[in-house]
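Analysis of the macromolecular model
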Amino acid sequence: MSPDSGEILGLEGVWRKYRRWQRRPSSLKDAFVRLFQRNGLVYEDFWALKDVGFSLKRGEILGICGGNGSGKSTLLKVIANILPMSHGRITVRGKIATLLDLGTGFLPELTGRENIALNGAIMGLSDAEIASKMESIIDFADLGTFINSPIKTYSAGMYMRLGFAIAVHVNADILLIDEILAVGDEEFQRKCIPELQQLQRNGTAMVIASHALNMLSALCDRVIWLDGGRVMMEGPPNEVLERYSPHLVPAND
Amino acid sequence: MEYGVSPNDQMLKPMYEYVGDARVWNSWSKTASLVRHLTWRSLASRYRGSALGFVWSLVNPVLLMVVYTIVFQYILGSNSKEEPFPVYLMTGILAWNFMSSAAINASVSLVSGAALVNKSTFPRIALPLSTVCANAINYLVALPLLLVFIFAFGVKPTPSLLLFPFALLLLTLMATGVGALLSAIMPFFLDLQHLIEVVFTMWFFLSPVVYPISLVNDHPRWRGLYQMNPMVGIIQLVHSVFLGHPVESASLAIAIVGSVGIFACGIWVFNRLSVHCTEV
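Residues numbered from 1 in each chain as written. Chains lettered and ligands numbered in written order. Predicted model: local features only at pLDDT ≥ 70, side-chain atom pairs only at ≥ 80, totals over all residues. Heavy atoms only, no water.

Let us look at the interface of chain A and chain B. Facing 51 residues of chain A, the contacting portion of chain B comprises 50 residues. Interface of chain A and chain B: buried area, both sides summed, is about 4,400 Å²; carbon and sulfur atoms make up 59% of it. Put simply, Arg 16 of chain A and Glu 279 of chain B hold a salt bridge, and the shortest N to O gap is 3.3 Å. Here chain A is connected to chain B by 17 residue pairs in polar contact (both at pLDDT 80 or more). No other element matches the six residues that strand 4 (residues 87-92) of chain A contributes to the side of chain A that touches chain B. Looking at the side of chain A that touches chain B residue by residue, the class counts come to 25 nonpolar, twelve polar and 14 charged. Examined bridge by bridge, strand 4 of chain A and strand 1 (residues 15-18) of chain B share four bridges and lie parallel to one another. Counted as the bridge partner of Arg 89 of chain A is Met 15 of chain B from strand 1 of chain B. (Contact = heavy atoms within 4.5 Å. Buried area = accessible area lost by both parts, 1.4 Å probe. Salt bridge = Lys/Arg side-chain N within 4 Å of Asp/Glu carboxyl O. Polar contact = N/O pair within 3.5 Å; in protein donor to acceptor, adjacent residues only side chain to side chain. Helix = DSSP H or I, 4+ residues; strand = E, 2+ residues; numbered from the N terminus. Nonpolar A, V, L, I, M, F, W, Y, C, P; charged D, E, K, R; others polar. Pairing = 2+ DSSP bridges.)

Listed below in C-alpha cells is the structure:
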C-alpha cells in the first residue's frame with residue numbers, strides 16, 4: 001500500500017456543547033424535586049469546541065497542543081465518534097483506531113495473551129485477525145514469560161507496553177492518540193517514536209494530542225493550537241509551538 | 001455570552017460520514033464476536049481465582065428454596081398438587097434468578113463499563129448483551145443439577161422438556177429488553193439502582209415463583225390483572241417444561257407479546273439514548 005495524497009479525515013465547522021447545570025440533577029429524586037423549584041433547572045451552555053476544522057492526509061501526523069481544558073481530548077473523542085458533536089461535519093475515509101488510554105478494557109484476572117484477544121475484539125478485529133497478529137504483538141510487547149501470567153502481576157511499564165503493542169498492530173488508517181506517550185519512561189518513549197514513524201511510512205495518519213512539545217515537534221508534520229475550544233493557529237510545528245510556548249503557564253500559577 | 005456561541009445559519013447539522021470501507025464495525029458478526037469476548041470476560045472474572053465460583057452461584061437459589069419451602073409449605077400451608085413443593089420452587093427460582101440478575105447486572109453495564117465506553121469506539125449494545133449471555137450460561141450450567149434434583153424427588157421428565165429453548169428465548173428477550181432499557185437510562189440517573197431492586201422484588205412476588213398459580217385462581221377479581229404480567233406466562237411455561245404442567249394460552253400469549261414488545265422497546269430506547277451516555 002503506497003501512501004497517496006488523498007484526504008483521509010476532514011472536519012468542517014465542528015462545535016461541541018456541554019450543558020453546564022448550576023447544580024446538575026444527577027439523580028431521579030433530584031430532577032423530580034427541581035421540577036418544582038424556581039431556578040431548579042437552570043443551566044448554561046459551554047462550548048468545548050468552537051468551529052474546529054482541519055483536514056488530514058494519508059500518512060500525515062497532526063499534533064494538537066493547548067492547555068488543560070482547551071478541548072484536546074473532547075476533539076479526539078468527537079473524531080472517534082465517542083462523543084456526538086453538536087454541529088459540524090466529519091468525513092472519515094479510513095478506519096479509525098483510538099489510543100486514548102493505555103490498557104482500556106484490560107482485565108487483571110486474565111493473562112496477557114487473553115487480554116490481547118479481548119482488546120483486539122474491542123478495537124474491532126475479527127478472531128482470525130487477532131490470531132494472525134498475536135505473535136507479533138507479543139514480540140513487540142517483549143514481556144517474556146509474563147505473557148501467560150495474569151496482568152495483575154504486571155508492572156505499570158509492562159502494562160503500557162502491552163497496550164501500545166496492541167494499538168500499533170490494529171492496522172488502522174487513522175490513529176488517535178491522547179497524551180499517553182508522555183506517561184511512559186524514557187526507554188518506552190524511545191521505542192514508541194520510531195514505531196509511530198514506521199506506521200506513518202506505511203501510510204497511517206495520526207492525530208496526537210500532547211503536552212509534550214518536544215515530542216510534537218519531533219513527530220508531527222503539522223500542529224494545531226487549541227485554546228478555549230477554538231483553533232488559534234495551524235501550521236508547521238516549529239512556528240506554532242514557538243507562538244504557543246509563551247502561553248504555557250506554570251502549573252502552580 | 002461569547003462571540004458565535006448561539007446556533008446560527010452557518011452551523012452545520014451534525015453529520016458523521018464514513019466513505020468507502022472506513023467503518024470499523026461494519027457487520028453483525030463483528031459485534032457478535034465482541035459479545036462473545038465480553039461474555040467470556042465476565043464469566044472468567046467471576047469464576048477465576050475461586051474454585052468455588054460456580055458453587056457460589058448455586059448457593060443463593062438453594063438457600064431461597066429452603067427458606068420458601070419452610071415459610072410457604074410448613075408455615076402458610078400452601079402446596080403444589082402435582083409434585084413436591086421444593087421441586088416447584090427450585091424450577092421457578094432458577095428461571096427467575098436468570099431473568100432478574102441478567103436484567104439487573106445489565107442495567108449497570110454502561111455505568112460500570114464507563115472506562116471502556118469513554119475511551120474506545122465499539123457498539124455499546126455489546127455491554128448489556130454480554131451480561132445477559134453470561135447469566136444465560138450460568139443458568140444453563142445449573143440445569144443438569146436441576147434435572148437431577150427433580151428426578152431425585154421422583155418427578156418424571158415429560159416430552160414438554162423439548163420446549164425448553166422456547167422458554168429460554170422468552171426469558172432472554174425479557175432480560176435483554178429490560179436490561180437494555182435500564183442501562184441506557186442509568187448513566188443519567190444513578191439512583192435508579194435503588195429503585196430497580198425494589199421493583200424487582202415486587203415483580204418477583206407478582207409472579208408465580210414461590211406460590212402455586214392456583215392460589216391466584218381462587219381470586220377471580222384479581223386474576224385478569226395479575227395475568228397482564230408477562231412473567232406469569234413465562235414462569236408457567238418454565239413449570240410446564242420441567243414439571244409437565246398445562247400452560248394457559250392467554251398467559252402464554254401475553255408472555256410472547258410482552259417479552260417481544262419489551263425487547264423491541266428496550267433496544268429502541270438504547271439506540272436513542274446510549275449515544276449520549278458519555279456526556280454526563
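So that's the structure; there's more coming.
When two helices pack together, their arrangement is given by the angle between their axes and by how far apart the axes lie. All names here are of chain A. Interhelical geometry of helix 5 (residues 156-168) versus helix 6 (residues 186-201) gives an angle of 5 degrees and a closest axis separation of 11 Å. Considering the angle they form, helix 5 stands roughly parallel to helix 6. Judged by residue contacts, Met 160, Arg 161, Phe 164 and Val 168 of helix 5 engage Phe 188, Cys 192, Glu 195, Leu 196 and Leu 199 from helix 6. Its residues placed into classes, the contact of helix 5 with helix 6 shows seven nonpolar, no polar and two charged. (Axes fitted to C-alpha atoms, helices over the stretch in contact; angles between N-to-C directions. Parallel < 35°, antiparallel > 145°, perpendicular 65-115°, else oblique.)

The side chains of a regular strand alternate between the sheet's two faces. All names here are of chain A. Counting buried positions along strand 6 (residues 174-178) gives five out of five residues, so the element sits mostly inside the fold. In strand 6, alternate side chains face the same way, and those of Ile 174, Leu 176 and Asp 178 on one face and Leu 175 and Ile 177 on the other are all buried. The pairing of strand 5 (residues 96-99) with strand 6 spans four bridges and is classified as parallel. Directly across from Thr 98, in strand 6, lies its bridge partner Leu 176. One ladder, built from five bridges, connects strand 6 with strand 7 (residues 205-209); its direction is parallel. Looking at the pairing, Ile 174 lines up with Ala 205 of strand 7. (Buried < 20%, exposed > 50% of the residue type's maximum accessible area, 1.4 Å probe, protein only.)

For the coordinates displayed, the defined rule picks out 17 aromatic pairs over all chains. Aromatic side chains Trp 15 of chain A and Trp 47 of chain A sit 5.4 Å apart centroid to centroid with 85 degrees between the ring planes, which places their arrangement in the edge-to-face category. Here Trp 47 of chain A lies in strand 2 (residues 43-57) and Trp 15 of chain A lies in strand 1 (residues 7-21), a separation of 32 residues in the sequence. Judged on exposure class, the residue Trp 15 of chain A and its partner Trp 47 of chain A are both buried. Taken together, a centroid distance of 6.0 Å and an interplanar angle of 90 degrees make the contact between Phe 146 of chain A and Tyr 154 of chain A edge-to-face. Exposure remark for Phe 146 of chain A: the relative accessible area of 35% places this residue in the partly exposed category. Look at Tyr 154 of chain A and you get buried, because its relative accessible area is 10%. Pairwise contacts between aromatic rings join Tyr 68, Trp 96, Phe 200, Trp 203, Phe 204 and Phe 205 of chain B into one cluster. One Lys or Arg, Arg 16 of chain A, reaches over the ring of Tyr 18 of chain A and ends 4.8 Å from the middle of that ring. (Phe/Tyr/Trp six-rings, centres within 6.5 Å; stacked < 30°, edge-to-face > 60°. Lys NZ or Arg CZ within 6 Å of the ring centre and 35° of its normal.)

Each strand in a sheet pairs with another by means of backbone hydrogen bonds, the pair being arranged parallel or else antiparallel. All names here are of chain A. The sheet built from six strands is open, its strands ordered 5-6-7-3-8-9 with mixed pairing. With partners counted over all chains shown, the strands left at the sheet margins are strand 5 and strand 9 (230-235), one partner each. Strand-to-strand twist of the sheet, defined as the mean angle between neighbouring strand axes without regard to direction, takes the value 15 degrees.

Read these as spatial facts, not as claims about activity.
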